[in-house]
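Now for the letters of each chain:
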Amino acid sequence: NAGVMQNPRHLVRRRGQEARLRCSPMKGHSHVYWYRQLPEEGLKFMVYLQKENIIDESGMPKERFSAEFPKEGPSILRIQQVVRGDSAAYFCASSPSRGSTEAFFGQGTRLTVV
Amino acid sequence: DAKTTQPNSMESNEEEPVHLPCNHSTISGTDYIHWYRQLPSQGPEYVIHGLTSNVNNRMASLAIAEDRKSSTLILHRATLRDAAVYYCILRDGDGGGADGLTFGKGTHLIIQP
């Protein structure tokens, strides 16, 4: 059973470009969570999605950031018009249900904006 | 979620037990204590969680003070692979997946060979 798969592992974008980060949850998991870790800081919750629905987006920046988890395919975190401050590691986690205690994290995508 | 306080870093020797403390003096009655760890260049990994009673699993033990204002994660025999940042997190209720977990700075555990 493969774990949570994130790709790409490393992504370099120029200022103003778009970044698309993908997350495939573990098999049988329909709940996905995105976190961001800025350099030298702890992880910050961004958004929680269930298939085709956003459940909690209380940590998402109001502009330029969006997330989706379609019926088919991976979850996508999209950052439009990236700025240097978006450089961070972005982690995705999945769980089989809202009632799960344990969540499984992927290895992250390290975004560098130049 | 209530706040937790952990030492910034700790050192231990390989094959010795490690006790990682966490203070949570404002914990509420329904808050569960969760521990995650993050190995270098990896995502966080669930370690253990508990409410009132001490808990054991294959990775670690969790000792919870009687007043629940503090807890200790115990690694019984540390290996070099246990070098990581350990996060103590309070979560209201038992479930919730990874919704809204509040990761602080954690404790950077260094293991000396």
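Keep in mind that what you see is a predicted model, and the values were worked out from it rather than measured. Residues take numbers from 1 onward in each chain, read along the sequence in its written order. Chain A is the first chain written and ligand 1 is the first ligand written, with later ones labelled in order. The predicted nature of this model means local features are confined to residues of pLDDT at least 70 and side-chain atom pairs, given and counted, to a pLDDT of 80 or more, with totals for whole chains, interfaces and linings taken over all residues. Hydrogens and water are ignored here; the side-chain numbers use all heavy atoms of the structure.

**Topic: the overall build of chain A**
Defined as follows: Numbering of helices and strands runs from the N terminus; a helix is a DSSP stretch of H or I covering at least four residues, while a strand is a stretch of E covering at least two. Each radius of gyration is computed over the set of C-alpha atoms, and the globule rule expresses the reference value as 2.2 Å times the number of residues to the power 0.38. Residues counted as positive are Lys and Arg, residues counted as negative are Asp and Glu, and His and the chain ends are not counted. Where a charge sits is defined by one atom per residue type, namely NZ (Lys), CZ (Arg), CG (Asp) or CD (Glu).
Check the secondary structure of chain A and you find 0 helices and 11 strands. Against the 2.2 N^0.38 benchmark of 13 Å for 114 residues, chain A shows a C-alpha radius of gyration of 13 Å, consistent with a compact globule. Overall, chain A is about 40 × 25 × 25 Å in size when its C-alpha atoms are taken along their principal axes. Seen as two clouds, the 17 positive and the 11 negative side-chain charges of chain A have centres 6 Å apart.

**Focus: the interface of chain A and chain B**
In plain terms, the rule: Residues are treated as being in contact if the distance between any of their heavy atoms lies within 4.5 Å. A quick way to say it: buried area is the sum, across both parts, of accessible area lost when two parts are put together, with a 1.4 Å probe. The salt bridge definition used is simple: a Lys or Arg side-chain nitrogen within 4 Å of an Asp or Glu carboxyl oxygen. Identification of polar contacts relies on pairs of N or O atoms within 3.5 Å, with a donor-acceptor requirement for protein atoms, meaning one able to donate a hydrogen and the other able to accept it, and with residues adjacent in sequence counted only if both atoms are side-chain atoms. When residue character is reported, Ala, Val, Leu, Ile, Met, Phe, Trp, Tyr, Cys and Pro are called nonpolar, Asp, Glu, Lys and Arg charged, and the others, Gly included, polar.
Every contact between the two is made by 23 residues of chain A and, on the other side, 21 residues of chain B. Across the interface of chain A and chain B, roughly 1700 Å² is buried in total on both sides, 50% from carbon and sulfur atoms. It is Leu43, Thr101 and Phe105 of chain A in chain A that bury the most area against chain B; as a group they hold 33% of the surface buried on that side. Linking chain A to chain B there are 0 salt bridges. On inspection of chain A and its partner chain B, the count reaches 4 residue pairs in polar contact (both at pLDDT 80 or more). For the side of chain A that touches chain B, the elements supplying multiple residues, two or more each, are β4 (31–37), β5 (43–50) and β9 (88–95) of chain A. A breakdown of the residues in the side of chain A that touches chain B according to their chemical character gives 9 nonpolar, 8 polar and 6 charged.

**Points about the side chain of Gln38 of chain B**
Defined as follows: Under the scheme applied here, a residue whose accessible area is under 20% of the maximum for its type counts as buried, over 50% as exposed, and between as partly exposed, the area being computed with a 1.4 Å probe on protein chains only.
As for its position among the elements, Gln38 of chain B is in strand β3 (residues 31–38). For Gln38 of chain B, a relative accessible area of 8% corresponds to the buried category. Within the structure, the side chain of Gln38 of chain B is placed 3.1 Å from the side chain of Tyr87 of chain B, a separation counted as a polar contact. Apart from residues no more than four positions distant in its own chain, Gln38 of chain B is found in contact with Gln37, Leu43 and Phe91 of chain A together with Gly43, Pro44, Ala84, Val85 and Tyr87 of chain B.

**Re the sheet that holds strand β6 (residues 61–64) of chain B**
Residue and element names in this part refer to chain B. Operational definition: Two strands pair under a simple rule: DSSP has to find at least two bridges between them.
Spatially, β2-β7-β6-β5 is the arrangement adopted by the 4 strands of the open sheet, whose pairing is antiparallel. Every other strand in the sheet has two partners, leaving β2 (18–23) and β5 (55–56) as the edge strands with one partner each. The pairing of β5 with β6 spans 2 bridges and is antiparallel. Looking at the pairing, Val55 lines up with Leu62 of β6.

**Details of the pairing of strand β4 (residues 44–50) of chain B**
When a strand is regular, its side chains alternate between the sheet's two faces. All names here are of chain B. In terms of burial, β4 is a largely internal element, 6 of the 7 residues being buried. Relative to β4, β3 runs antiparallel, the two sharing 6 bridges. Counted as the bridge partner of Ile33 is Gly50 from β4. Linking two consecutive strands that pair antiparallel, namely β3 and β4, is a turn of 5 residues; a positive phi of about 60° is found at Ser41 within it.

**Description of the state of the cysteines**
Here is the rule: When two cysteine sulfur atoms are found within 2.5 Å, that pair is recorded as a disulfide.
Within this structure, the stated rule accounts for 2 disulfides over all chains. Through a disulfide, Cys23 of chain A is tied to Cys92 of chain A; the S-S separation comes to 1.8 Å. Between Cys23 of chain A and Cys92 of chain A, the S-S dihedral sits near -55°, and the bridge is therefore left-handed. Remark: Cys92 of chain A occurs in strand β9 and Cys23 of chain A occurs in strand β3 (residues 19–24); sequence separation between them is 69 residues. Judged by its relative accessible area of 0%, Cys92 of chain A is buried. Note on cysteine connectivity: Cys22 of chain B is disulfide-linked to Cys88 of chain B, with sulfurs 2.1 Å apart.

**Brief notes about the nonpolar core**
Note the cut-off: Buried residues of nine kinds, namely Ala, Val, Leu, Ile, Met, Phe, Trp, Tyr and Cys, make up a nonpolar core once their side-chain atoms join them within 4.5 Å.
Ranked by size, the top nonpolar core spans 23 residues in total, and within it Trp34, Met46, Leu77 and Tyr90 of chain A carry the most contacts. The contact partners of Tyr90 of chain A, leaving out residues within four places of it in the chain, are Gln6, Leu21, Tyr35, Arg36, Met46, Phe65, Leu77, Ile79, Gly108, Thr109 and Leu111 of chain A. Listed in part, the 20 residues of the second largest apolar core include Trp35, Leu62, Leu73 and Ile111 of chain B.

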